[in-house]
Amino acid sequence: MEYSEKYLHLGERVDPDANVICIYKITTDLDIKLAAAAIATEQSTGTWTSISTLNDEIFEKYHGRVIDIQGNVATIAYPEDIFSLDIGGVPQILSVVAGNLFGLEGLKGVRLEDVEFPHSMLREFKGPKFGIPGLRKILKRPEKPLVGTIVKPKIGLPPKGMADFIYEAGMGGLTNGKDDETLSNQRFCPLEDRVVAIAEAIDRVKAETGHVMIHAINVSTRGDQILEVAERAQELGASELMVDVITCGFAAVQVLAEDPSIKLPIHVHRTMHGAITRNKDLGVSMVVFAKLVRMCGGDALHVGTFGVGKMKDSSAEDLANQRACVGPELPYEKVMPVCSGGMHPALIEPLVKITGTNVQIQAGGGVAGHPGGVRSGARAMVQAVEAAYQGIPFSEYSKSHQEFREAINKWG
Ligand code: CAP
Ligand code: MG
């Protein structure tokens, strides 16, 4: 790996409106400048050795620039002209900012911590169609946290079993249901039958109580199929779509979000993200993925449980993920941050203290595992959210709310 001073521009100011600026944390035994220059080289105009075909004009125009190094954190600016959005888009962006660099011999570890895009690129994306205000409008829930569930067991239930679960959850007052991330079109629960059965269940809840609930149908599939599957689900009465963005691709979210025929919100699940985001010395931070999901038009995104759920504690990053979803830094509608994974009613008070009330809190086991069954589990979640929203201590509120008390007794 040849080291080239030419990629080092330490202290140089670059135009943030003409560059994609990346922050990399680098673990290496090499001189950090060499390591940073190697990333800039590989991800722009160079390779492992000098080449006769790289002329000055190409180099000048398109090489990546290491503009800052603080300790083991390097900032690299890539000229916007090396990106291609009409064809390529997010797949091509990731090939530049998070591509071959992870395999470079001289780097023991490297993590892409954050990316800033120039407005000229941000303008090419539309962001969420619905986002937080759109979801709140559909659910007639202007301020309180959305509160939902994931049908459990995550696989195996037939369409009627799924529908009964959602009916009970809706009768218990939950606002959101969703397929789990591994459910698709298995023989035990064909997608079309599930869509119809769940739509009927949601309609029954509305007819019997006036309560509005939506359920996200997992339409994750091949790129050339996903729009057709989503349109079919919409035709059959789906109220929300779900995409597993890491396994399906960011472009899959963008296709659904930008297609004028799709008039449903998109719930974005991030299963498999842990393989890329969990190791703090190797991979990509969830903040980068959250920004890309917002750019591509996801309406709700799993951001973690801020240290209170079952997934590995990533609370500091979860706050950054939430910021990427709702912060003013990106010129798009706000994405609803989803807190899920090991959640149950007793955890909602500490969670909301961290996140505030502009979140969607959901529990699978924390609803289906309630001693009184799904409807009681739903009621317990709704009661917990109500207490948190009103700032009433759980110890107080649970005295007068049985389902909530039972949940606390079971899960503490
Ligand atoms: C939660 C969940 C979600 C996790 C994913 C699960 O179920 O359905 O997929 O939320 O984690 O399968 O684990 P439980 P994250 O409520 O039963 O845990 O939200 O961090 O992406
Ligand atoms: Mg799941």
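Each value, and the rule that gives it
- Residues numbered from 1 in each chain as written.
- Chains lettered and ligands numbered in written order.
- Predicted model: local features only at pLDDT ≥ 70, side-chain atom pairs only at ≥ 80, totals over all residues.
- Heavy atoms only, no water.
- Helix = DSSP H or I, 4+ residues; strand = E, 2+ residues; numbered from the N terminus.
- Rg over C-alpha atoms; globule rule 2.2 N^0.38 Å.
- Buried < 20%, exposed > 50% of the residue type's maximum accessible area, 1.4 Å probe, protein only.
- Contact = heavy atoms within 4.5 Å.
- Areas by Shrake-Rupley, 256 points an atom, 1.4 Å probe, with all protein chains shown as cover.
- Near = heavy atom within 4 Å.
- Polar contact = N/O pair within 3.5 Å; in protein donor to acceptor, adjacent residues only side chain to side chain.
- Nonpolar A, V, L, I, M, F, W, Y, C, P; charged D, E, K, R; others polar.
- Core = buried A, V, L, I, M, F, W, Y, C linked by side-chain atoms within 4.5 Å.
- Domains from an automatic or database assignment.
- Disulfide = S-S within 2.5 Å.
- Pairing = 2+ DSSP bridges.
- Buried area = accessible area lost by both parts, 1.4 Å probe.
- Salt bridge = Lys/Arg side-chain N within 4 Å of Asp/Glu carboxyl O.
- Axes fitted to C-alpha atoms, helices over the stretch in contact; angles between N-to-C directions.
- Parallel < 35°, antiparallel > 145°, perpendicular 65-115°, else oblique.
- Left-handed = near helix turned anticlockwise from the far one by under 90°.
- Phe/Tyr/Trp six-rings, centres within 6.5 Å; stacked < 30°, edge-to-face > 60°.

Asker: Any chance you could break down the overall build of the protein chain for me, citing the residues and the numbers?
Answerer: Each helix and strand counted, the protein chain has 18 helices and 13 strands in total. For the protein chain, the C-alpha radius of gyration of 23 Å lies close to 22 Å, the compact-globule estimate for 412 residues. Along the three orthogonal principal directions, the C-alpha set of the protein chain runs to about 75 × 45 × 35 Å. By the burial criterion, 55% of the 412 residues in the protein chain qualify as buried. Put simply, of all contacts in the protein chain between residues at least 6 apart along the chain, 75% involve residues at least 24 apart. Summing over all exposed atoms, the protein chain offers an accessible surface of approximately 17100 Å²; the carbon and sulfur share of this is 52%.

Asker: So what's going on with the site of ligand 1? Residues and values would help.
Answerer: Around ligand 1 sit 16 residues, and of these His269, His302, Lys310, Ser340 and Gly342 come closest. Within the contact set of ligand 1, an oxygen atom lies 3.2 Å away from a side-chain nitrogen or oxygen of Lys152. At 2.9 Å, a backbone N or O of Gly365 approaches an oxygen atom of ligand 1. Taking 480 Å² as the accessible area of ligand 1 by itself, protein coverage stands at 93%. Within the shell around ligand 1, the residues separate by chemical class into three nonpolar, seven polar and six charged.

Asker: An account of the nonpolar core is requested, with residue identities and associated values reported.
Answerer: Counting residues in hydrophobic clusters, the biggest one holds 115 residues, and the most contacted among them are Tyr24, Ile39, Tyr78, Val97, Phe250 and Ile348. In terms of residues, this core owes the most to one element, helix α12 (residues 286-296), which gives nine residues. Taken together, domain 1 (5-122) and domain 2 (131-411) each give at least three residues to this core, which thus spans both. Here Val97 is in contact with Val20, Cys22, Tyr24, Tyr78, Phe83 and Leu112, once residues within four sequence places are set aside. Leu139, Ile214, Ala300 and Met336 belong to the second-largest nonpolar core, a separate cluster that totals nine residues.

Asker: Which residues make up the state of the cysteines, and what values do they have?
Answerer: The tally for this structure, following the rule as stated, stands at zero disulfides. Summary of cysteine pairing: Cys22 is not part of a disulfide, and the nearest cysteine sulfur, belonging to Cys296, is at 16 Å. Looking at Cys22, the relative accessible area reads 0%, which means it is buried. In this structure Cys296 is a free cysteine whose sulfur lies 12 Å from that of Cys248, the closest cysteine sulfur available.

Asker: Could you give an account of the sheet that holds strand β10 (residues 283-284), with specific residues and numbers?
Answerer: The sheet built from five strands is open, its strands ordered β2-β3-β1-β4-β10 with mixed pairing. The sheet is open, and its two borders are formed by β2 (65-70) and β10, each paired with just one other strand. Examined bridge by bridge, strand β1 (residues 19-27) and strand β4 (residues 109-116) share seven bridges and lie antiparallel to one another. Considered in β4, the bridge of Thr27 is made with Gly109.

Asker: How would you sum up the domain arrangement of the protein chain? Please name residues and give values.
Answerer: Under the domain assignment used here, the protein chain contains domain 1 (5-122) and domain 2 (131-411). Facing the 17 residues of domain 1 at the interface are 20 residues of domain 2. Taken together, both faces of the contact between domain 1 and domain 2 bury some 1600 Å²; the carbon and sulfur share is 62%. On the domain 1 side of the contact with domain 2, Val90, Arg111 and Leu122 bury the most area, a combined 40% of that side's loss. The tally of links from domain 1 across to domain 2 stands at four salt bridges. Its salt-bridge partner being Glu317, residue Arg111 comes within 2.8 Å of it at the nearest N-O pair. The interface formed by domain 1 and domain 2 holds 14 residue pairs in polar contact (both at pLDDT 80 or more) in total. The greatest single-element share of the side of domain 1 that touches domain 2, amounting to eight residues, is contributed by β4. Within the side of domain 1 that touches domain 2, the residues separate by chemical class into ten nonpolar, two polar and five charged.

Asker: Account for the packing of helix α14 (residues 348-355) against helix α16 (residues 374-390), with residues named and values stated.
Answerer: For the pair α14 and α16, interaxial distance at closest approach is 9 Å and the crossing angle is 45°. For the element pair α14 / α16, the angle class is oblique. Of the two possible hands of crossing, α14 and α16 adopt the one that is right-handed. Residues Ile348, Glu349 and Val352 of α14 lie in contact with α16, whose contacting residues are Met381, Ala384, Val385 and Ala388. Split into classes, the residues belonging to the contact of α14 with α16 amount to six nonpolar, no polar and one charged.

Asker: A description of the packing of aromatic side chains should follow, citing residues and the corresponding values.
Answerer: The geometry of two aromatic rings is summed up by the distance between their centres and the angle between their planes. Counted under the stated rule, the structure contains four aromatic pairs. Taken together, a centroid distance of 5.1 Å and an interplanar angle of 85° make the contact between Tyr7 and Phe59 edge-to-face. Of this pair, Tyr7 sits in the segment before β1 while Phe59 sits in helix α2 (residues 56-62), placing them 52 residues apart in sequence. Here the two residues Tyr7 and Phe59 agree in accessibility, since each one is buried.

Asker: Explain the packing of helix α6 (residues 159-171) against helix α7 (residues 191-209) to me, using residue names and the numbers behind them.
Answerer: It is the contact of α6 with α7, at a shortest axis distance of 8 Å, that shows an interaxial angle of 25°. As far as their axial angle goes, α7 and α6 are roughly parallel. Pair α6 / α7 crosses with right-handed handedness. For the pair α6 and α7, the contacting residues are Pro159, Met162, Ala163, Ile166, Tyr167, Gly170 and Met171 in the first and Asp193, Arg194, Ala197, Ile198, Ala201, Ile202, Arg204, Val205, Glu208 and Thr209 in the second. Each residue belonging to the contact of α6 with α7 can be placed in one class, and the counts come to eleven nonpolar, two polar and four charged.

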